[in-house]
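Spelled out, the chains give:
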Amino acid sequence: MEEKVIDIKSETEKGEREKLYFVRLNYSERVQHLILAVCFVTLIITGFMLNIPEEALMVLGSAGETVFFWRTILHRAAGTVMILVSLYHVYYLIFKPAGRRWISDMMMRGRDFKELKDTLSYYMDFKDTYPEYDRFCYKHKFEYFALYFGNMVMAVTGLLLWTESSWSKFVLDISVLIHGMEAILASLAIIVWHMYEVYLRPHKFPVDNLCFTGLIDEEEMKAEYPLHYKKIMADPELQKIYIRRKPGNE
Amino acid sequence: MPLKSDLFELIFILVLAVFPLFFSLDTVSAQPYEFRDSENCMLCHRYPTIGRFDEAGEKKIFYIDGKDYASSVHGKLNCTDCHRGLNRIPHFDLRKVDCSVKCHLHNLSTKKAFSHMEVVGKLEASVHGKGPKFELKPFPEDLPDCTYCHDNRDYYSTGRAIGRSDDQAHAATLLRSQRDVIRLCASCHEDEEKMTRHGLESIKTFKDTFHWQAIKYGVKNAPDCISCHVPTGFSSHTIRPESDLLSPLNIKNRLQTCSFGVGALTCHPDATHAFAEGRVHEYGTKAQLLTGGVNMEGRFRSLMTEQARADIAKEDLFHYRVLSAIRLIYKILIGCTIGFMFFHQLLDYRRATKKGKTFH
């Protein structure tokens with residue numbers, strides 16, 4: 001790893017510098033994401049299985065009972081793992097340097113609202129320039145905190161339902177309602193917001209492998225997160241953290 | 001040597017003796033009872049196509065499967081023991097089957113003619129009974145008689161096919177499946193109009209409960225109507241109103257009903273009072289009526305409102321209001337959030353594809 005500050009202007013003009021790759025997700029974050037994603041999909045499938053209409057379930061016949069048994073087991077297992085990985089994430093945010101960087105970059109700031117306004121005006125052709133994003137823009141922050149809040153709500157109501165016999169029916173009714181509604185909200189949000197970001201955006205289509213490699217190339221970094229790019233290029237400490245010379249896994 | 005030949009002889013004889021059994025086994029075990037038919041009804045009723053369209057245009061099948069009938073609980077009875085008044089052909093003088101009549105069987109211990117009178121009396125005293133002869137409950141025609149539940153669904157080509165062939169008067173009796181129990185009860189209790197006449201609400205909200213979701217999958221341990229309303233030790237012929245102290249759903253008996261764990265069902269063995277004494281079915285018409293969420297027209301409005309006031313406690317109403325508020329908040333939240341997201345991404349896509357740019 002080089003120690004000196006990379007001079008963006010001179011090097012790009014000469015066009016002789018080797019290609020750089022930027023770390024968006026480190027190893028721990030990628031593993032956390034993978035576990036979370038697998039649990040999330042399992043929970044969505046096993047959860048919404050309850051809403052399949054009676055007629056459609058007739059095809060299961062006598063296997064229905066077994067299916068239901070494993071549905072319950074899988075849902076609870078995935079829920080438990082998801083709670084554990086979320087707890088680990090909180091630990092990661094507090095005790096790991098990378099986690100602390102993550103949360104400080106993720107914090108809401110005044111400029112997020114300005115960025116939102118500017119982005120929307122750009123989308124609607126009122127403006128010609130795309131705002132300069134830092135490491136995380138309002139899209140990431142919105143999704144991250146929605147997940148954060150939703151995760152807590154689902155975990156609490158889920159645990160209440162798991163230990164149903166100890167609670168009053170009123171508490172359980174509220175839990176069932178919130179658990180179901182939040183599930184609809186979360187799955188729709190993931191489909192509309194996250195799936196679009198990683199599958200359907202024209203430069204990502206058909207799929208973005210960022211969650212496995214954790215890296216993006218310099219071109220994309222400059223276009224998408226210019227402010228962060230400039231910050232990295234001006235600071236050798238950040239370069240150590242964020243720049244890789246080779247594509248693929250760090 | 002003689003020992004050996006003896007042994008062979010023995011085996012040979014044994015094999016010969018057992019051999020015919022292989023051919024006869026299935027016929028022996030499947031040998032049906034024969035219907036005696038001392039009145040010779042089967043002269044006509046053995047023909048599978050015999051039947052008649054009733055006024056509703058439904059074909060009622062008059063064919064009797066003698067072997068099926070003979071293996072049922074009533075298999076030893078003559079036809080006219082239940083179907084009285086069959087003196088003419090065609091049978092225009094047929095009277096409706098009345099289970100309380102005495103039939104020609106005799107109770108072995110008392111030597112008296114057998115009759116279902118006792119259980120009919122119990123049913124008449126229960127919520128499903130029509131009440132005393134001269135003081136009938138309103139709309140007695142809505143209330144079920146014996147044959148409504150113990151019916152012969154095989155004899156209807158369409159329509160009243162409430163469940164599969166089980167628990168019938170003619171065929172061999174098997175217990176109804178959970179879905180069939182629910183279908184049977186729901187055939188009346190989901191009829192909003194019929195229920196309103198009696199100040200009751202439709203039980204369609206049962207299908208919003210977790211109980212139903214398990215039944216949908218055919219989970220044997222999941223409760224149908226009978227499991228809670230007529231648990232072990234109670235009879236479906238003596239269902240009482242919830243306010244009755246002898247009802248398993250009375251608030252004082254609720255814990256015992258919910259924590260049931262004896263026999264095939266294991267329900268909520270570690271249930272607490274707070275858990276067991278809550279509402280099981282989701283809130284329905286009555287709660288909506290009290291909060292002004294439903295517009296009920298017609299002459300039963302006052303009856304329903306009155307009944308709703310008696311049934312839905314103030315606390316329940318508060319619960320209902322809280323749940324409705326949460327549902328509304330979430331609907332707005334989902335609508336706004338997902339709407340915004342969709343709009344945002346649509347704009348992003350438009351802009352990104354418009355100029356043929358690589359990024360945004």
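Residues numbered from 1 in each chain as written. Chains lettered and ligands numbered in written order. Predicted model: local features only at pLDDT ≥ 70, side-chain atom pairs only at ≥ 80, totals over all residues.

## Considerations on the overall build of chain A
Okay, so step 1: Counting secondary structure elements, chain A contains 12 helices and 3 strands.
Okay, so step 2: Looking at chain A residue by residue over its 250 residues, the buried ones come to 20%.
Okay, so step 3: In chain A, once contacts between residues fewer than 6 apart in sequence are set aside, the share between residues at least 24 apart is 69%. (Helix = DSSP H or I, 4+ residues; strand = E, 2+ residues; numbered from the N terminus. Buried ≥ 20, exposed ≤ 12 C-beta atoms within 10 Å, placed from the backbone. Contact = placed C-beta atoms within 7 Å.)

## Focus on the overall build of chain B
Okay, so step 1: Each helix and strand counted, chain B has 15 helices and 4 strands in total.
Okay, so step 2: The 360 residues of chain B split such that 16% are buried.
Okay, so step 3: Of the contacts made within chain B by residues no fewer than 6 positions apart, 42% connect residues no fewer than 24 positions apart.

## Quick notes on the interface of chain A and chain B
Okay, so step 1: Across the contact, 38 residues belong to chain A and 35 residues belong to chain B.
Okay, so step 2: The set of elements that each furnish at least two residues to the side of chain A that touches chain B consists of α3 (54–57), α4 (64–95), α6 (110–123), α8 (169–200) and α10 (218–224) of chain A.
Okay, so step 3: It is α8(A) that provides the largest number of residues to the side of chain A that touches chain B, a total of 14 residues.
Okay, so step 4: Along the lines of polarity and charge, the residues of the side of chain A that touches chain B split into 24 nonpolar, 6 polar and 8 charged. (Nonpolar A, V, L, I, M, F, W, Y, C, P; charged D, E, K, R; others polar.)

## Points about unusual backbone geometry
If a residue is not glycine, its phi is most likely negative; likewise, a peptide bond is most likely trans.
Okay, so step 1: Going from A:F205 to A:P206, the amide bond is cis rather than trans, its omega being 0 degrees.
Okay, so step 2: Mapped onto the elements, A:P206 comes out in the loop between α8 and α9 (210–213).
Okay, so step 3: The amide bond that connects B:I89 to the next residue, B:P90, takes the cis arrangement and shows omega of -5 degrees.
Okay, so step 4: The residue B:P90 is located in the loop between α4 (79–82) and β3 (102–106) in this model.
Okay, so step 5: Look at A:D125: it is not a glycine, yet its phi comes out positive at around 65 degrees.

## Description of the pairing of β3(B)
Residue and element names in this part refer to chain B.
Okay, so step 1: Sheet analysis places β3 next to strand β4 (residues 113–115), joined by 2 bridges and oriented antiparallel. What sits directly across from K102, in β4, is S115.
Okay, so step 2: If you look at the hairpin formed by β3 and β4, you'll find 6 residues sitting between the two strands, and K111 has a positive phi there, around 65 degrees. (Pairing = 2+ DSSP bridges.)

## Some details on the domain arrangement of chain B
Residue and element names in this part refer to chain B.
Okay, so step 1: Examined at the domain level, chain B breaks down into domain 1 (1–31), domain 2 (33–174) and domain 3 (178–282).
Okay, so step 2: Facing the 14 residues of domain 2 at the interface are 13 residues of domain 3.
Okay, so step 3: In terms of residue count, helix α5 (residues 117–125) provides more of the side of domain 2 that touches domain 3 than any other element does, 3 residues in total. (Domains from an automatic or database assignment.)

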